[in-house]
Structures are given as C-alpha cells and as structure tokens.
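Listed below, chain by chain, are the residues.
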2 protein chains.
Amino acid sequence: MAAAQSPKDAVCAAVDWGTSSLRIWLLGPDGAVLGERRSREGMQVAAETGFAAILDGHLEALGADPALPAIVCGMAGARQGWVEAPYAETPASPGDLATGAILVEGLSREVRILPGVAQKAGGRPDVMRGEETIVLGLAAESDAIVCLPGTHSKWVSVEGGRITGFSTFMTGEVFALLAGHSILRHAVDSGLDVLSERDAFASGVEASLKAPDLTLNRLFALRAAGLLGGAGAAETTARLSGLVIGLEMAGARRLHPGSERILLASSGTMLDLYSAALGVAGFAFEAADADAAVRRGLLAAARQAFSL
Amino acid sequence: MAAAQSPKDAVCAAVDWGTSSLRIWLLGPDGAVLGERRSREGMQVAAETGFAAILDGHLEALGADPALPAIVCGMAGARQGWVEAPYAETPASPGDLATGAILVEGLSREVRILPGVAQKAGGRPDVMRGEETIVLGLAAESDAIVCLPGTHSKWVSVEGGRITGFSTFMTGEVFALLAGHSILRHAVDSGLDVLSERDAFASGVEASLKAPDLTLNRLFALRAAGLLGGAGAAETTARLSGLVIGLEMAGARRLHPGSERILLASSGTMLDLYSAALGVAGFAFEAADADAAVRRGLLAAARQAFSL
C-alpha cells in the first residue's frame, strides 16, 4: 500500500472557476484528492475583489506549497474574468486545450488558465468554458455524447477523444425566468421538489417531445389551469420543468437521432430530472461523476502544461 | 345627411379596461364615435385609486350625461379588478356575454361588466378577458379564425358567430423576458426597430417553423454569435423576435392546418410583424381594425344589456 499522502505531496492545484462558484482541489501524482475547497467566490465576485488573493487564500488554508502550480478552467478565462484565454476551436483535443492555456503573469506561483471551446463552423455558433474540461475528463480517447444539464445545458459530441461539435440549450435559464419573472410565478414555486410530482414532470416532457411547436401555448395553459381551479403549485411546477426540459430533449433527439452512448454528467436533483427526461425521450444513457471528471481533465492538462 | 351628433346624443359609454390601459368611447345609436378618452389608468392603477371615480371623471370630461349607461369589457371584470364577472364558457355567443354582464351596484349610472371567456373542455384550459369583445365585433354571425397578437397572443375560432375555441400563446411576454432579463439582454435592444432587419426577422420565423424543437439552442446561439463577433444588436433583436413569433406560428399552423380565413386584429408595429410572420408561415389573412371591432362588440352587448 502507498503511504497516506499530505497536501505537501500535491503536484498541482486544480481549479474550476465558474460564474458563481469556485472549486479547488489539491491533486497527488495519481490524481488523489489531497485537499478541497468550495466557495461562492465565482468569477463575478472575484472580478471585484481579485482572483489572485482569493486563490492564494484558499491554497494557503489547504496547506499547499507556495510554489505549487495551479491549472484553472471555466469563466476565469472569459473576457470579463481574470486573464482572457481565447477559445480553442472545434474540433478540439485535450492537447489543444493544454497548449492554449494562458500563463497569468506576475504571480509567485505558476497559474495557467485553460481556454474554452468555440464552434464557429456550420452556422451554429456556440461557446463553452469549463464544460470542455469535464468532457475531456470523461471521454478522453473515446467516442461519446456528453449531456451536461444546467443553466445553459450542453450536449457535446466526442470522437476519438476530441470535441467535434456541441449544442447549448438555454434550459435552466428559461425555466428560472418563467418560474420567477413571468405571469406563471403566481402558479409555480421553484422551491418545491419537482420530483414529488413525477407524473406531471413526465407529462410535460412528453408534451414537448410530441409537439414542441405548442410550447408557448402550453406555458399559458399552466396559468389558465390555475385560474380555473385546476392543478396545485407542486404539480404545475413539475409540469413547467417537464415542458422546458422536454423541449431540450426534443432538440437533442433531432441532433442525436442515433443510439449513441450518452454520458449524463450531473448530480443531485438535476441528475434525477435529466435521468427521468432522457428515459421519456428514449435515450440510452449512463450517469457519470462530473466532479471526478473535471479533476481528471484538469490533471491531464496540468501534466502537459507543467510537464509534470 | 344626418345632423352632426353631440356627446348628449350618445346611447352608451363603451369601455375597454385592460391591465395597463383604459379606453372610453361615447357611442351614438348608429355606433358613431361622439367622444374618446385613452389613459394609462388600467386595472392595476384603478384597483388602487378606484374604478368608479376614474370612469366618472373621464365621462364628465367628455360631456356625457350623468345617467349615461356604460358597458365595460376587459380586466375590470377579473377577480382582482372592479367587480368579478365570471367567465362564460366556450362555445360562447354574443348573447351569452351580454346576459353574463355583471351590474356594478351602488352607482348613479348603470354600469355593466362583460364576462371573459373560459375554455375548460378538451384538456386545453384557456382564458381571455377583453379579446372576446373584439372577436365578436369582428366576426358576428360568421366563421373565422381571429389572430390577436400581444403579450399573450390569442388565436380564436369563431363558427356561426360563436367563440368555439381558442389558444393563448405567451409570445410577447417570453420575448420581453428574453430581451430584458436573460443573458440575451447583452446582445439585443428591444427599443430597436425590428422591421429595419426584415431578413433577420424572417430567418428567425423560418427557423422556428422548420425546427421548433431547437428553440432553446437557437436562443443561446444568439448569445454565442455575439461573443464570436457576429451579428449586431439590431439584427440579433430581429432574429430573436422572429424566433419567438415563429414558434407561435408553428403552433398555430398545427392547430389551424386548413386554409381558413384568418383575421389579424392588430395595429402599428405588431401589425407589421405579424403580417410578415403570417406570410412566412403561409397563412392567408386580412388585417382588421381592432379598435372599431371592440366598439362594435361593446355596442352590440350594450344594446342587449341596456335594451337600447
């Protein structure tokens, strides 16, 4: 057996710096997690208070060596982030990402920020920042379709370990707008447990798969049903969630009509909702651990970028 | 020639009291407009400051007889309005509306509020308040499909002068949410003239007609195109408007696949946008004057309700 490892054995810090959250791991040479921090100091907060100080503070708290290099993915590399890491273009390999990593100048430690990926060809412009690292951690050297649910859900095609194309759906944001800011806010409660009303959720997914063209009508019908003394808030919220996620499924079924291997990278409630929706849409899928995947993707990039 | 008529010749006041606006006309026995007032004192304002005082103030300013009866349609009859006028149910005739009009008690003049219409059958719950009066003013005793664009667009089926069914689409509200409150607000400007970019608008309508299932993806693509240095704000705004109105058209085409006579009841920019969108969707239509129609509908109801 290997001896237990301490933070001083870490070969790099792996950082996933999103819009509204920050996750940092100390990784050993074999990828073992030797320390972890999570905070709400996402890109939006750090742009105000300073990225370097936040990162150094967390690494010091973890007992990391002051010279430990850090590899970063996510919105820290956006134009409004720490230092812009210009997009790699599809098709993008793990090597493209590692060689595109931007050095942050003027720090005591070596920090490199990985680029996002842009799709410019084919009349379907799209961008991602952070998800590419999860995807390459999940599907290095293989073929897969990776589904990453969220505010801006992504469906990513991987061929031979390279990201060949992807599609972002505004699913989570549209649900939040409708539930919180539209006339439907009187009929729904996004704090409720959608999965307590599985039938209503599934009926929404089915309705959108069957007739996505009726979406704007079905949304108003939720309000009308409330006025006419119909469904309660939990049922209406679940139906709304099903309609919106079902609309994503309808699009994904058009884009990925085959029976490819779908990897669902998610956790918690979203994992449950998307598992149910993928099933209704007839997709064969397996759930994958997105956290472990982003760490694998970051470590692979660090090995190349820092010649570990 | 008939002698010129004065406000004292009016047989009733015709009132369209919506959520955010109020329109009042004095109508002669033949429907001639003998006076008109428009204000922003919609139901939301009037619920705070008092409906009766607002109506009396406008009628006095118009020189109307203090005993002139008033017929009212719209949100003044909602639960949160002046006095609730319970919905008539489909199929609903002009007579059903007139006999369902609710007398407002305790006023010096006779005021009656017309009911809205509810659709409870067929698993497609829907409601309207105000549009029914426009529709019956447009299509009394005839067959038609009436399209009423707006925050909540409505497509209303009329057979033999009765409202037999209808479908509300959350089109205008969804556009406003996306343009003003989503990540797309960085890429669009809803104050711009959408019709200055007719091709972009039409391309959005076509895209939604062709693949409504890709709506959530196409919305994000507007943002991605902006980040990748593509379209300008006017073009993006027009494309967004086209995508959302096109999604309504896709639904309407499913619900009304035949070549029925479509009456488009609208004015101004919305008339232009919907004329363009209906054309792209292959609908044959004729434009109709919604203001004249609501006056006709109100006068017909007043004749019956007040035995004029």
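Up top you'll find the structure we're talking about.
Per-chain numbering applies: the sequence of each chain, read as written, is numbered from 1 onward. Chains and ligands are labelled by the order in which they are written, letters from A for the one and numbers from 1 for the other. Predicted model: local features are reported for residues with pLDDT of at least 70 only, side-chain atom pairs are reported and counted for 80 or more only, and whole-chain, interface and lining totals are derived from all residues. Here the side-chain values reflect all heavy atoms present in the structure, with hydrogen atoms and water set aside.

The pocket and cavity definitions rest on a 1 Å grid over protein atoms only: a 1.4 Å probe that fits but cannot leave marks a cavity, an open set with protein on both sides within 12 Å along at least five of seven lines marks a pocket, and residues lining either have an atom within 4 Å of a point. Grid points are joined across faces, edges and corners, and a volume is the space filled by probe spheres set on the points. On inspection of all chains with the given rule, the structure shows one cavity of 30 Å³ or more. The calculated volume of the largest cavity comes to roughly 200 Å³. Lining the largest cavity are 18 residues, with Val174 and Leu219 of chain A together with Val174, Leu216 and Leu219 of chain B positioned closest to its centre. Secondary structure follows DSSP: runs of H or I at least 4 residues long count as helices, runs of E at least 2 residues long count as strands, and numbering of each begins at the N terminus. Where the lining of the largest cavity is concerned, the elements lending two or more residues are helix H5 (171-181), helix H7 (215-227) and helix H8 (233-255) of chain A together with helix H5 (171-181), helix H7 (215-227) and helix H8 (233-255) of chain B. Side-chain classes are defined by residue name, with Ala, Val, Leu, Ile, Met, Phe, Trp, Tyr, Cys and Pro counting as nonpolar, Asp, Glu, Lys and Arg as charged, and the others, Gly among them, as polar. The class makeup of the residues in the lining of the largest cavity is 16 nonpolar, two polar and no charged.

Across the boundary between the two partners, chain B contributes 46 residues, which contact 46 residues of chain A. Buried area is understood as the total, over both parts, of accessible area removed when two parts are fitted together, assessed with a 1.4 Å probe. A buried area of about 3700 Å², summed over both sides, lies between chain B and chain A, and 72% of it is on carbon and sulfur atoms. The salt bridge criterion pairs a side-chain nitrogen of Lys or Arg with a carboxyl oxygen of Asp or Glu, the two atoms within 4 Å. The interface formed by chain B and chain A holds two salt bridges in total. Here a polar contact is recorded for every N or O atom pair within 3.5 Å, except that within protein the pair must consist of a potential hydrogen donor and a potential acceptor, and residues adjacent in sequence are included only if both atoms are side-chain atoms. The tally of links between chain B and chain A comes to 12 residue pairs in polar contact (both at pLDDT 80 or more). Elements with a contribution of two residues or more to the side of chain B that touches chain A: strand E8 (117-119), strand E9 (126-128), strand E12 (162-169), H5, H7 and H8 of chain B. When residues of the side of chain B that touches chain A are assigned to their parent elements, the largest contribution, nine residues, is made by H7 of chain B. Taken together, the residues that form the side of chain B that touches chain A break down as 26 nonpolar, 10 polar and 10 charged. Should any heavy atoms of two residues lie within 4.5 Å, those residues are considered in contact.

Residue and element names in this part refer to chain B. In this description, a line fitted to the C-alpha atoms serves as the axis of each element, helices being fitted only across the stretch in contact, and the angle between N-to-C directions of two axes falls anywhere from 0 to 180 degrees. Viewed as axis vectors pointing N to C, H5 and H8 meet at an angle of 150 degrees, and their least axial separation amounts to 10 Å. Our classification of the angle between H5 and H8 gives roughly antiparallel. Both H5 and H8 take part in a crossing whose hand is right-handed. Packed against H5, whose contacting residues are Thr171, Val174, Phe175, Leu178 and Ala179, the element H8 presents Thr237, Leu240, Ser241, Val244, Ile245 and Glu248 at the interface. Taken together, the residues that form the contact of H5 with H8 break down as seven nonpolar, three polar and one charged. Geometric relationships in this document are graded by angle, where less than 35 degrees denotes roughly parallel, more than 145 denotes roughly antiparallel, 65 to 115 denotes roughly perpendicular, and other angles denote oblique. What makes a crossing left-handed is the near helix being turned counterclockwise from the far one by less than a right angle; a clockwise turn instead makes it right-handed.

Residue and element names in this part refer to chain B. Strands qualify as paired when DSSP identifies two bridges or more between them. Within the open sheet, the five strands sit side by side as E12-E11-E10-E13-E14. Their pairing is mixed. Of all strands in the sheet, those bounded by a partner on one side alone are E12 and strand E14 (285-288). Mean inter-strand twist for the sheet, computed between neighbouring axes without regard to direction, equals 25 degrees. Here strand E10 (residues 144-148) runs beside strand E13 (residues 262-265); their pairing, made up of three bridges, is parallel. Within E13, the position partnered with Val146 by the bridge is Leu263. Set on the sheet, helix H4 (residues 131-138) makes contact with E10, strand E11 (153-159), E12, E13 and E14; between it and E10 the angle comes to about 140 degrees.

Right, let's talk about the sheet that holds strand E13 (residues 262-265) of chain A for a bit. Residue and element names in this part refer to chain A. Ordered in space as E12-E11-E10-E13-E14, the five strands form an open sheet in which the pairing is mixed. At either margin of the open sheet sits one strand with a lone partner, and together these are strand E12 (162-169) and strand E14 (285-288). On average, each strand axis in the sheet is tilted by 25 degrees relative to the strand beside it, whichever way the strands run. The sheet contact formed by strand E10 (residues 144-148) and strand E11 (residues 153-159) spans five bridges and is antiparallel. Bridge pairing in E11 places Leu148 opposite Lys154. Helix-sheet contacts for helix H4 (residues 131-139) involve E10, E11, E12, E13 and E14, and the interaxial angle to E10 is about 140 degrees.

All names here are of chain B. Any residue under 20% of the maximum accessible area for its type is buried, any over 50% is exposed, and the rest in between are partly exposed; the area is computed with a 1.4 Å probe on protein chains only. Within E11, six of the seven residues are buried, which leaves the element mostly enclosed by the surrounding structure. Where E10 folds back onto E11 in an antiparallel hairpin, the turn is made up of four residues. One ladder, built from seven bridges, connects E11 with E12; its direction is antiparallel. For Lys154, the partnering residue across the bridge sits in E12 and is Thr168.

Right, let's get into the relation of the copies chain B and chain A. To superpose the copies, least squares is applied to the C-alpha atoms of every residue with a pLDDT of at least 70 in both. Between chain B and chain A, which share one sequence, the superposing operator has a rotation angle of 180 degrees and an axial displacement of 0.0 Å; the RMSD is 0.0 Å. Each copy turns onto its partner about a two-fold axis. Minimal C-alpha distance to the rotation axis in chain B is attained by Pro212 of chain B, lying at 2.9 Å. Same-surface contact between copies: 100% of interface residues of chain B are shared with the interface of chain A.

In this section: the packing of aromatic side chains. All names here are of chain B. Two rings from Phe, Tyr or Trp (for Trp, the six-membered ring) form a pair when their centres sit within 6.5 Å of each other. Planes less than 30 degrees apart are called stacked, planes more than 60 degrees apart edge-to-face, and all others tilted. Across all of its chains, the model carries eight aromatic pairs over all chains by this definition. Geometrically, the ring pair formed by Phe51 and Trp82 is stacked, given 5.4 Å between the ring centres and 10 degrees between the ring planes. Residue Phe51 is found in helix H2 (residues 51-61), and its partner Trp82 is found in the loop between strand E4 (70-74) and strand E5 (88-89); the two are separated by 31 residues along the sequence. Across the pair, Trp82 and Phe51 agree in class, each one buried.

Turning our eyes to something else, we now look at the pattern of salt bridges. Residues and elements named next belong to chain A. Considering all chains together, one arrives at 18 salt bridges over all chains under this definition. Among the ionic pairs, Asp16 bridges to Arg23, the shortest N-O distance being 2.6 Å. One exposure class covers both Asp16 and Arg23, and it is buried. Through salt bridges with shared partners, a single network forms among Asp16, Arg23, Glu36, Arg38 and Asp291.

A few words on unusual backbone geometry. Residues and elements named next belong to chain A. Across the junction of Thr90 and Pro91, the peptide omega takes the value -5 degrees, indicating a cis bond. Its identity is not glycine, yet Ser307 carries a phi of approximately 50 degrees, on the positive side. Within the element layout of this structure, Ser307 appears in the segment after helix H10 (290-305). The exposure class assigned to Ser307 is exposed, which follows from its relative accessible area of 63%.

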